[in-house]
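Inside the fold
Residues per chain are reported as follows:
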Amino acid sequence: MFNSVSVVGLGYIGLPTAAVFASRKIKVIGVDVNGSAVDIINQGRIHIVEPDLDIVVHAAVTEGFLRATLVPEPADAFLIAVPTPFKDGYEPDLSYIESACRAIAPVLKVGDLVILESTSPVGATEQMAKWLAEIRPDLSFPQELGEKSDIRIAYCPERVLPGHVLQELVQNDRVIGGLTTKCSERAAALYKLFVLGECIITNARTAEMCKLTENSFRDVNIAFANELSIICDKLDISVWELIRLANRHPRVSVLQPGPGVGGHCIAVDPWFIVSKTPEHARLIRCAREVNDSKPEWVINKVKLLVADYLLSNPEKSAKEVTIAAFGLAFKPDIDDLRESPALEITQRIARECPGRLIAVEPNILELPESLDKRVELESIDFALERANIVLLLVDHKVFKGIDKARLGQVKMIDTRGIWG
Ligand code: SAJ
C-alpha cells in the first residue's frame, strides 16, 4: 500500500509523473527547489511545455491530490527525478541527486521506498543508498542488511519522449532495478498503480546501463546518418534518396541526418558510458564526436553559399546578404531550445556572417537573449520575401507545408531533407 508518494524534481519528467500518480487518486507531494515552479503548480498551472499536462495538473491540484513544496515531507515512496548533467571533461555531475538525498533523508522512516529515475551512470543507485545511509545511521539500508533493510532502494529510468510524455508514461514498459529482489518488487508495485506496459525486474546496474544503452543506440544510429550525409555531399548523391532506397531492404533502417543532435538526453547520456569505460567505449565516443561536429559542417556550408552568392552578385557586399534560418528548436514541433544545434548554428552565423539574419521559429514568441540584438524573429512569408539564402534547420510541420515554388529563387541549405 502506498498512501502517499513524493516526487523530488518537478521538471519535464517529475511533474508529469507526479500528476499521473495524483490522477490515480494517490496523495502526491511534489518537491522542487524552484520557488516559482512550486507556486505555479500550487495554482494548478504548469511551468513547462508538454501537451495536455496543464489539464492533468489542474485537475490533480484542484481535487487535492497534488501539492508542491520546497521542503520534503514524510511519504511512503520517494521518486527522485532531478537533472544529471555533465561537468568539464564529460564527467557526470551527480550533485543534484546528492542534494535530493540530503533533502529527503531527514523524513525517511522504516518501510519507505526510494527510487532514482534520473538518467545516471552505472553505480549511481548504490552511491545514492550510501549517501542516505550516511545521513541516517539509525535506519538500515539494502547494502548492509539486504532483504531485511528498513529502506528499499531501486533504479527505474524514465523513457518518455518529450511531446508524448503523458501517453508514454502510461504505455511504455518500465525496467526496474532494485538493490535487492524485494526492493524491485516494491518499486514494481508502485509503478503498477499507473503503468499499463510491463514492469520488468532486473538489478540496479543493469537498469542504469539499459537507459544509457537506449539513448546511445539512437545516438550511434543518428551519427551513422550524419556521416552518410557528409559522404554523400562529397560524392554528389542525395542522402535522402539514398536512405529511402537503403531502407527498402528488410533489415535496414537508417535514421535521418540533421544539423546535429540536441536535447538534454541523447547528446549527454552516451558520455556516462564513455566516462566509466573510456578505453572500451570507442564507437559510442566516436558517434558523439560525429554528431557534435555536424553544426560546424553546416556553418561552413552556409559560408560557402554566401561566397557563391557574392560571386554571382558582384555588386553586393557580404553585409548585404540576408540569411533566413528556419527553426531554432532541438527537434520538430516543440518550443524547446535546450542544447539545440539549430540555435547553436544560428548564434554562430549571427557572430560570423555580417549580413541581415532572420529567424523563423513559429513555436516561440520571443528570441533567447543570445540572439535578440542581432537576429529578427519573423514569419515564414516575411523571411521568404527577403532572404537571399534560406537555411532549413528543423523539420517543423509548417515548414513542410511551404509551397516549393516559393523556394525556387533562393539559394538553400536543407539540413532535414524536407524541401527536396
Ligand atoms: N534526431 C536526428 N535524426 C533522427 C532522430 C533524431 O537528427 O533520425 C535528432 C533530433 O532532431 C534531436 C535529437 O536527435 O535533435 C534527439 O531527439 P529524439 O527525438 O531522438 O530524442 P529525445 O531527446 O527527445 O528523447 C530521447 C528518447 N530516447 C530514445 O528514443 C531512445 C526518449 O525515449 C527518452 O526518454 C529521452 O531521450 C530521455 O529523456 O532520455
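Residues numbered from 1 in each chain as written. Predicted model: local features only at pLDDT ≥ 70, side-chain atom pairs only at ≥ 80, totals over all residues. Heavy atoms only, no water.

**A few points about the overall build of the protein chain**
- Within the protein chain, the regular secondary structure consists of 15 helices and 13 strands.
- Its C-alpha atoms give the protein chain a radius of gyration of 24 Å, near enough to 22 Å, the size a compact globule of 420 residues would have.
- Of all 420 residues assigned to the protein chain, the portion counted as buried reaches 53%.
- For the protein chain, the proportion of contacts with a sequence separation of at least 24, taken over those separated by at least 6, is 69%.
- Summed over its atoms, the accessible surface of the protein chain is roughly 19500 Å², and 54% of this surface lies on carbon and sulfur atoms.
- In the protein chain, which carries 47 positive and 57 negative side-chain charges, the distance between the mean positions of the two groups comes to 2 Å. (Helix = DSSP H or I, 4+ residues; strand = E, 2+ residues; numbered from the N terminus. Rg over C-alpha atoms; globule rule 2.2 N^0.38 Å. Buried < 20%, exposed > 50% of the residue type's maximum accessible area, 1.4 Å probe, protein only. Contact = heavy atoms within 4.5 Å. Areas by Shrake-Rupley, 256 points an atom, 1.4 Å probe, with all protein chains shown as cover. Lys, Arg positive; Asp, Glu negative; His and termini not counted. Charge placed at Lys NZ, Arg CZ, Asp CG, Glu CD.)

**Let's talk about helix α12 (residues 282–312)**
- The end-to-end C-alpha distance of α12, which contains 31 residues, comes to 45 Å, matching closely the 45 Å that a straight helix rising 1.5 Å per residue would cover.
- In α12, a bend of some 30 degrees at Lys294 exceeds every other bend along the element, and Pro295, a proline, comes one to four places later. (Expected span 1.5 Å × (residues − 1). Bend = angle between axes of the 7 residues up to and from the residue.)

**Let's talk about the sheet that holds strand β3 (residues 66–69)**
- Reading across the sheet, the 8 strands line up as β3-β2-β1-β4-β5-β6-β7-β8 and stay open at both edges, with mixed pairing between neighbours. Since the sheet does not close on itself, it has two edges, and those belong to β3 and β8 (199–203), each with one partner. Neighbour-to-neighbour, the strand axes of the sheet open up by a mean angle of 25 degrees, direction not taken into account.
- The pairing of strand β1 (residues 4–8) with strand β4 (residues 77–80) spans 4 bridges and is classified as parallel. Within β4, the position partnered with Val8 by the bridge is Ile80. (Pairing = 2+ DSSP bridges. Axes fitted to C-alpha atoms, helices over the stretch in contact; angles between N-to-C directions.)

**Quick notes on the pattern of salt bridges**
- Enumeration over the complete set of coordinates arrives at 23 salt bridges.
- A salt bridge links Lys109 to Asp112; the nearest nitrogen and oxygen atoms lie 2.8 Å apart.
- Take Lys109: its relative accessible area is 33%, and that puts it in the partly exposed class.
- With relative accessibility at 2%, the residue Asp112 sits in the buried group.
- Salt bridges here are not isolated pairs; linked through shared partners, they connect Glu296, Lys303, Arg348 and Glu352. (Salt bridge = Lys/Arg side-chain N within 4 Å of Asp/Glu carboxyl O.)

**What about the sheet that holds strand β12 (residues 389–392)?**
- The 5 strands are arranged β11-β10-β9-β12-β13 in an open sheet whose pairing can be described as parallel. Each end of this open sheet is capped by a strand with a single partner; those strands are β11 (376–377) and β13 (411–414).
- Looking at chain direction, β12 and β13 are connected through 4 bridges and run parallel. Note that in β13 the partner of Leu392 across the bridge is Asp414.
- With respect to the sheet, helix α13 (residues 341–352) is in contact with β9 (323–326), β10 (357–360) and β12, its orientation differing from that of β10 by roughly 165 degrees.

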